[in-house]
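Results of the structural survey
Below are the chains, spelled out letter by letter.
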Amino acid sequence: MDEKDIHKMIRVNQAGEYGATRIYKGQLAVFKNDPIIQEMAEQEAIHLKRFNQLLIEKKVRPTVLQPIWHVAGYLLGMTTALAGKKVAHACTIAVETVIDRHYQEQLDQLKSYLEQEDLRQLVAECHLEELEHREAAIQEGGEKAPGYSALSEAVQTISKLAIWLSKKI
Ligand SMILES: [Fe+2]
Ligand SMILES: [Fe+2]
């Protein structure tokens, strides 16, 4: 794997973690003191902080789409939350499902590159917590949200598109 691929990985992960903090911020605008969502938001803030550090350390340019993810993430979190707590959790399940696959792919790629052990470790730690978020959202009844499959489909498509775009630009 060359430097360029590593930079792409860091760029897309920083963008994803940034988007995640914005989604949870949007959810928290509606469910102000929800302890479950608050905990997810706090963990995402740490993920983002760690990828921000890596971005600086490795001199990776962030995605130019950051201002868009700022607004889009927040709106996605807020509008699904306005539709109800189960809908908000349905959104979380969908996003984390895409992120799970995304991080798993990276872990598979990175394991053959020992010099990238730090990055692999960070991805592995974030990955575990994303799975916990997904599990918590399922426990909270996200799958029982009205219109679950259509919503899930839509949010997964948006998430995949955001990943694809953030790798490119
Ligand atoms: Fe995260
Ligand atoms: Fe997450």
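Quick look at the coordination of the iron ion (ligand 1)
For the iron ion (ligand 1), the full set of protein donor atoms is Glu17 (OE), Glu17 (OE), Glu44 (OE), His47 (ND1) and Glu130 (OE), and the range of their distances to it is 1.9 to 2.7 Å. If you list the donors of the iron ion (ligand 1) from N- to C-terminus, the spacing comes out as E-x26-E-x2-H-x82-E. The two metals, the iron ion (ligand 1) and the iron ion (ligand 2), are separated by 3.9 Å and share Glu44 as a common coordinating residue. Of this pair, Glu17 sits in helix α1 (residues 3-30) while His47 sits in helix α2 (residues 35-57), and the two are 30 residues apart along the sequence. Looking at Glu17, the relative accessible area reads 2%, which means it is buried.

Comments concerning the coordination of the iron ion (ligand 2)
Geometry sets the ideal angles at a metal, namely 109.5 degrees for four tetrahedral donors and 90 or 180 degrees for six octahedral donors. The coordination sphere of the iron ion (ligand 2) contains the protein donors Glu44 (OE), Glu96 (OE), Glu130 (OE) and His133 (ND1), at a distance range of 1.8 to 2.3 Å. Considering all 4 donor atoms around the iron ion (ligand 2), the spread of angles at the metal, 93 to 133 degrees, places the coordination shape in the tetrahedral class.

Some thoughts on the packing of α2 against helix α4 (residues 85-110)
Contact geometry of α2 with α4 gives a least axis separation of 14 Å together with a crossing angle of 30 degrees. As judged from the angle between their axes, α2 and α4 are roughly parallel. In terms of crossing hand, the pair formed by α2 and α4 is left-handed. Every residue of α4 that contacts α2 at Ile36, Ile37, Met40, Glu44 and Phe51 is listed here: His89, Thr92, Glu96 and Tyr103.

Description of the side chain of His89
Along the chain, the position of His89 falls in helix α4. Not counting residues within four places of it along the chain, the set of residues in contact with His89 comprises Ile36, Ile37, Ala137, Glu140 and Gly142.

Parameters at a glance
- Residues numbered from 1 in each chain as written.
- Chains lettered and ligands numbered in written order.
- Predicted model: local features only at pLDDT ≥ 70, side-chain atom pairs only at ≥ 80, totals over all residues.
- Heavy atoms only, no water.
- Donors = N, O, S within 2.8 Å, 3.2 Å for Na, K, Ca; no water.
- Helix = DSSP H or I, 4+ residues; strand = E, 2+ residues; numbered from the N terminus.
- Buried < 20%, exposed > 50% of the residue type's maximum accessible area, 1.4 Å probe, protein only.
- Tetrahedral: all angles 85-135°; square planar, octahedral: opposite > 155°, others 65-115°.
- Axes fitted to C-alpha atoms, helices over the stretch in contact; angles between N-to-C directions.
- Parallel < 35°, antiparallel > 145°, perpendicular 65-115°, else oblique.
- Left-handed = near helix turned anticlockwise from the far one by under 90°.
- Contact = heavy atoms within 4.5 Å.

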